[in-house]
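Understanding the architecture of this molecule
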Amino acid sequence: MIERQLQPLLHELVGVVFAPTSALGDATGQIRPTGVQGVFHADARVLSRAELRVDDRELEGLTRGDDGPHGARFVGLARWLGDPTPDPTVRVDRLRRASRNGLTEELRIVSTATVGVRATVTIDLGCDLAPIETVKSGGAATALEAKTGQPGMLTWSGAGTTVTVTASDADVLADAERATAPRLAWSVDLPPGGETVLRWQLTVEDPHAVVVSPASEPEWSRPRVSADDRRLVRLLDRSLDDLRGLRLAETGAPEDVFLAAGVPWFLTLFGRDSLWAARMMLPLGTDLAAGTLRVLARRQGTRVDPATGEAPGKILHELRRHEFSVPGNGLRLPPAYYGTVDATMLWVNLLHDAWRWGLPAEQIEPLLPHLEAALRWLGEHADPDGDGLVEYVDTTGHGLSNQGWKDSGDAVRFRDGTLATAPIVLSEVQGYAHEAAVNGAALLDAFGRPDADRWREHAAALVRRFRTSFWVDGRHGPQPALALDRDKRPVDSLTSNIGHLLGTGLLDRDEEAQVAHLLTTDTMAAGFGLRTMSSDDAGFSPLSYHCGSIWTHDTAIVLGGLARAGHREAALGLADGLLSAAEAFDYRLPELYGGDDRSLLGRPVPYPASCRPQAWAAAGAVLLLQAATGLYPDVPGGTVRLAPLAGAGFGAVAVDGLRVANTPVNVTVNRSGEATVTGLPSTLTPTQPTPTELTPTLPAQRRQKTPHRH
């Protein structure tokens, strides 16, 4: 039998992060030389082992918990020491904290014994400097030899990176037989009732890293929230801590901050992920959006290069220090890779939304040439066959075969489970493109730039083309297809992608109501959130990456669209799913989890290779908070719309410290759904939705004819 090389599992590991540094270990605090355990820094594993022992014995793990935004505490027992009683009398707390360029550990040994305690405490270390793609593929790397220098110091070097461990009061054992597995050792002698603290520190010098930790504090506000549903408060608190740890900047431009995608595989700049996360974070301020826009604008495409996917005006997908090559599957991505079909439109939409939230004109104006370039890409490069729809194909044979957010190779399937053949025309991408054309036109008009009418006409043509090409008859009534394949056949599976069409303007109000109906069937919404594919479809698997699992950000985006469009019950169902999942995952929502029915276990099934924390998953908590408060500002238009999801069915919510036009505002929603906002600038007027907006028509009432493909 051929041994498979498998991606290591993540779901039971405990992580700490202070980007670009992260650490993953087991639930007892050990970092073992196996799988994806280790300390990582900017795409390399800088420590592959950190195993604690007392008298050459492992502690018995008791519990663990968070310790601030970048730390974790592990509690263990040494029951062979101290008094011979049923109660443990020697306890060891292991406090691990990630830092900008490394990690620290503090070992607090506490005795409540009536006798003295003598022990030897050791940490066995290892370093392999394995590239992240080697770790991700389940590959092995050779342990490097440690060098000794000053007392209490170890160093490893390779590929321009230097890793140093210091423990000033420890003995260092790194002789010939321990050169690749050096040991720190402390002799501990405690009096009755005594305690001591041992410390060691890891630092990394990495001059070739393409990302660095920002020197500044977070760019967003930290609102004070009270809610009848306390899960919302806990989720927001944990998510903001995680987002603090995921902040990054490009080397050479530390002032422009963006969010890394996720730990451990994607702790770098990802166009789509960073843009979506910044968009979700707008209720807390526009600075993160501005930094993200500027970073990506600097790397906007200027030429046609099939090898990298670059094209004039196109926004980057992914940035690495070197080629990202996964052994065994043929994937080879260049350091700066542009293989994304949606990031360019998402860049335009983030710029527009940040403007609506109050991003100052002096920050928008330098980005207008990049806006115009992005729109030119939409008009000249996004539609190679000229049929009026945005499509993609990997021409290299070693890039991403799917270039929407569902980027796995098997993500685009027909209802019968067969794979669609590229070029692929994704449904949600047409929504993003329509929204970008309309939003781009609004910005061009507002800032006195030409061609706004061209983009409004482009958007109108896209509506007509989508309506005649995408709607099919499904098991639950008419539905937009997931995609069109190479032959322009509708890929007729029912998926969460269609939820991203809500609010893009591509659908009319009746069509949005039908989409809301489709997304609330048990086949889509019976899990802890929104399934990526209907359980009726042949390709469905609850632990498939994109064909049946539940993605946190996907559910949050669709929830937000439903809430804004007035589909209250549908939005409330998804909100409860997310909050229930958050409770099960200790309020650190993972990238994705299983799409099983809620009745199966009463808690979500983990997806074993899911990133956690992950930026757009954590930022989904802010989008949920926005939906709860119903705060939708239009600063250039002088209005702020209030249409809260909170109230009946959700409970009361009060938020102090949201930001509109860089001004702190407070929103209160009572249990009846009545909302008030205070602190708005005098130039802004609150408005309430009309009764018609609050009661969208039901699918059975609203459509006289079924949309169909001509």
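Right above here is the structure, for reference.
Now for a look at the structure at hand. (Residues numbered from 1 in each chain as written. Predicted model: local features only at pLDDT ≥ 70, side-chain atom pairs only at ≥ 80, totals over all residues. Heavy atoms only, no water.)

1. Considering the overall build of the chain
Helix and strand counts for the chain come out as 17 helices and 38 strands. Computed over the C-alpha atoms, the radius of gyration of the chain is 26 Å, within 12% of the 27 Å expected from 2.2 N^0.38 for a compact globule of 710 residues. In terms of overall dimensions, the chain has a C-alpha envelope of 85 × 55 × 55 Å along the principal axes. Partitioning the contacts of the chain with sequence separation of at least 6, the portion at a separation of at least 24 is 65%. One way to put it: in the chain the 69 positive side-chain charges average out to a point 1 Å from where the 87 negative ones average out. (Helix = DSSP H or I, 4+ residues; strand = E, 2+ residues; numbered from the N terminus. Rg over C-alpha atoms; globule rule 2.2 N^0.38 Å. Contact = heavy atoms within 4.5 Å. Lys, Arg positive; Asp, Glu negative; His and termini not counted. Charge placed at Lys NZ, Arg CZ, Asp CG, Glu CD.)

2. Details of helix H15 (residues 615–629)
For H15, which comprises 15 residues, the first-to-last C-alpha distance of 22 Å matches the rise-based estimate of 21 Å (1.5 Å per residue) to within 8%. Burial within H15 is extensive, with 15 of its 15 residues counted as buried. Just downstream of H15 lies Gly630, where phi reads positive at about 70°. (Expected span 1.5 Å × (residues − 1). Buried < 20%, exposed > 50% of the residue type's maximum accessible area, 1.4 Å probe, protein only.)

3. Looking at the packing of aromatic side chains
One pass over the full model with this rule turns up nine aromatic pairs. Seen in terms of ring centroids, Tyr545 and Trp551 are 5.0 Å apart; in terms of plane orientation they differ by 70°. Their pairing is edge-to-face. By relative accessible area, Trp551 is classed as buried at 2%. Both rings, one in Tyr545 and one in Tyr607, keep their centres 5.7 Å apart while their planes meet at 40°; by these two values the pair is tilted. Placement of Tyr545 in the loop between helix H11 (522–525) and strand S31 (550–551) and of Tyr607 in the loop between helix H14 (598–601) and H15 is noted, with a sequence separation of 62 residues between them. Ring pairing ties together the aromatic residues Trp405, Tyr545, Trp551, Tyr607 and Trp616, which thus form one cluster. Positioned above the aromatic ring of Trp265 is the side chain of Lys136, whose terminal nitrogen or guanidinium carbon lies 5.7 Å from the ring centre. (Phe/Tyr/Trp six-rings, centres within 6.5 Å; stacked < 30°, edge-to-face > 60°. Lys NZ or Arg CZ within 6 Å of the ring centre and 35° of its normal.)

4. With respect to the pairing of strand S1 (residues 14–18)
Within S1, five of the five residues are buried, which leaves the element mostly enclosed by the surrounding structure. Residues Val14, Val16 and Phe18 line one face of S1 and the alternating positions Gly15 and Val17 line the opposite face, and both faces are buried. The sheet contact formed by S1 and strand S2 (residues 21–25) spans five bridges and is antiparallel. The residue bridging Val16 from the neighbouring strand is Ala23, located in S2. In sequence, S1 turns back onto S2 through a hairpin of two residues. (Pairing = 2+ DSSP bridges.)

5. A few points about the pattern of salt bridges
Tallied over the entire structure, the rule returns 61 salt bridges. Between Arg32 and Glu58 there is a salt bridge; the shortest N-O distance is 2.9 Å. Here Glu58 lies in the loop between strand S5 (49–54) and strand S6 (60–66) and Arg32 lies in the loop between S2 and strand S3 (38–41), a separation of 26 residues in the sequence. Classification of Arg32 by relative accessible area gives partly exposed; the value is 22%. Look at Glu58 and you get partly exposed, because its relative accessible area is 32%. Of the charged contacts, one joins Arg486 and Asp487 as a salt bridge, the two residues approaching to 3.8 Å between their closest N and O atoms. The class for Arg486 is partly exposed, based on a relative accessible area of 47%. Each of the salt bridges in this network shares a partner with another, and the network as a whole consists of Asp26, Arg32, Arg49, Glu51, Arg53, Asp56, Glu58, Asp124, Arg178 and Arg183. (Salt bridge = Lys/Arg side-chain N within 4 Å of Asp/Glu carboxyl O.)

6. Remarks on the side chain of Thr286
Within the secondary structure layout, Thr286 lies in the loop between helix H3 (271–280) and helix H4 (287–298). With residues near it in sequence (within four places) discarded, Thr286 still touches Ala354, Trp357, Gly358 and Leu359.

7. Concerning the sheet that holds strand S19 (residues 224–227)
Reading across from one edge, S19-S35-S36-S37 is the order of the four strands in this open sheet, with antiparallel pairing throughout. At either end of the open sheet lies a strand with only one pairing partner, and these are S19 and strand S37 (675–678). Sheet twist, expressed as the average angle between the axes of neighbouring strands with direction ignored, equals 25°. Across seven bridges, strand S35 (residues 653–660) lies against strand S36 (residues 663–669) in antiparallel orientation. Across the sheet, Val660 pairs through a bridge with Thr663, a residue of S36. Against the sheet, helix H2 (residues 230–245) touches S19 and S35, its axis set at about 155° to S19. (Axes fitted to C-alpha atoms, helices over the stretch in contact; angles between N-to-C directions.)

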